[in-house]
Amino acid sequence: DELQRSAQQGAKTGARRAFGRTRAFLYRGASGEEGVKKRVLALDVGDRTIGVAASDALGLTAQGVETIRRKSWDKDFSRLKELMGLYETDTFVIGLPKNMNGTQGERCDIVRDFAERLQKKIKGSQVVFWDERLSTVAAERSLIAADVSRAKRRKVIDKMAAVFILQGYLDNIGMRMDAFSEEK
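Trainee: Would you mind showing me how to read the nonpolar core here?
Mentor: Counting 22 residues, the largest nonpolar core has Leu43, Leu80, Ile94, Phe114 and Leu118 as its most contacted members. Within the residue set of this core, elements represented by two or more residues are strand S1 (41-45), strand S2 (49-55), helix H2 (73-86), strand S4 (91-96) and helix H3 (106-121). With five residues, the top contributor of residues to this core is H3. In terms of nonpolar packing, the next biggest core, distinct from the first, is built from twelve residues, Ala53, Val93, Val163 and Leu170 among them.

Right under this line is the structure:
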């Protein structure tokens, strides 16, 4: 009986935290604007592929969407625009591949150029850069732990890296919003 009451209390507390976080996510955007916050797409931009992940409607979890095989700027952006419509969002979280010491090198310049072109091509799109250090390593380890074959890992690694990027972003927003709601 005591254990059951404790479990129920924990569930209520967890639900309050999740609801508070969700409410904050839905009504206060990453840059502070007010309004209903739509889903977010995350991108792991590479030379040959773009890994794509999407948040759930509540902004709590990230799910892998697809790996886009890069063909041309127009085809890449056309597919991203389709995904924007499908997931009803205008926000991209793009992984910024910083060096391990925190500096930004040539890969960061390439990703920033991609983001700049994306915003010019898809009017009204919002871009948030997110430190993606070790996201591919974490994705690789996760796939190895799940006993995914090397050939299959190669096909989904970029999508999984995008999931790790987006989940880190969502968790950070949730922690900031939890701290915000505790201050009140």
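Resuming the write-up.
Trainee: Explain the pattern of salt bridges to me, please; I cannot follow it from the model alone.
Mentor: Think of it this way: side chains of opposite charge can pair up when their charged atoms draw near. Tallied over the full model, the rule gives seven salt bridges. Asp47 is the partner of Arg107 in a salt bridge, and the nearest nitrogen-oxygen pair spans 2.9 Å. Of this pair, Arg107 sits in helix H3 while Asp47 sits in the loop between S1 and S2, placing them 60 residues apart in sequence. Exposure remark for Arg107: the relative accessible area of 30% places this residue in the partly exposed category. Judged by relative accessible area, which is 58%, Asp47 ranks as exposed. A salt bridge links Lys120 to Glu116; the shortest N-O distance between them is 3.5 Å. Taken as a pair, Lys120 and Glu116 lie in helix H3 at a separation of four residues, close to a single helical turn. What you see here is one network of salt bridges that share partners, running through Glu66, Arg79 and Glu82.

Trainee: Mind showing me how you'd approach H2 here?
Mentor: A rise of 1.5 Å per residue sets the reference length of H2, with its 14 residues, at 20 Å; its end C-alpha atoms lie 20 Å apart and thus fit the reference within 8%. In this structure, the buried side of H2 is in contact with S1, S2, strand S3 (62-69), S4 and H3. Backbone geometry just after H2 places Glu88 at a positive phi near 50°.

Trainee: Got a minute to help me understand a positive patch on the surface in this structure?
Mentor: Taken together, Arg48, Arg69, Arg150, Lys152, Arg154 and Lys155 make up a surface patch of like positive charges. Sorting elements by how many residues they give to the positive patch places helix H5 (residues 150-183) first, with four residues. Topologically, Arg150 is positioned in helix H5. Residue Arg150 is classed as exposed on the basis of its relative accessible area, which comes to 63%.

The rules behind these values
Residues numbered from 1 in each chain as written. Predicted model: local features only at pLDDT ≥ 70, side-chain atom pairs only at ≥ 80, totals over all residues. Heavy atoms only, no water. Core = buried A, V, L, I, M, F, W, Y, C linked by side-chain atoms within 4.5 Å. Buried < 20%, exposed > 50% of the residue type's maximum accessible area, 1.4 Å probe, protein only. Helix = DSSP H or I, 4+ residues; strand = E, 2+ residues; numbered from the N terminus. Salt bridge = Lys/Arg side-chain N within 4 Å of Asp/Glu carboxyl O. Expected span 1.5 Å × (residues − 1). Contact = heavy atoms within 4.5 Å. Patch = residues over 30% accessible without salt bridge, like charges linked within 9 Å, V, L, I, M, F, W, Y side chains within 5 Å. Areas by Shrake-Rupley, 256 points an atom, 1.4 Å probe, with all protein chains shown as cover. Lys, Arg positive; Asp, Glu negative; His and termini not counted. Charge placed at Lys NZ, Arg CZ, Asp CG, Glu CD.

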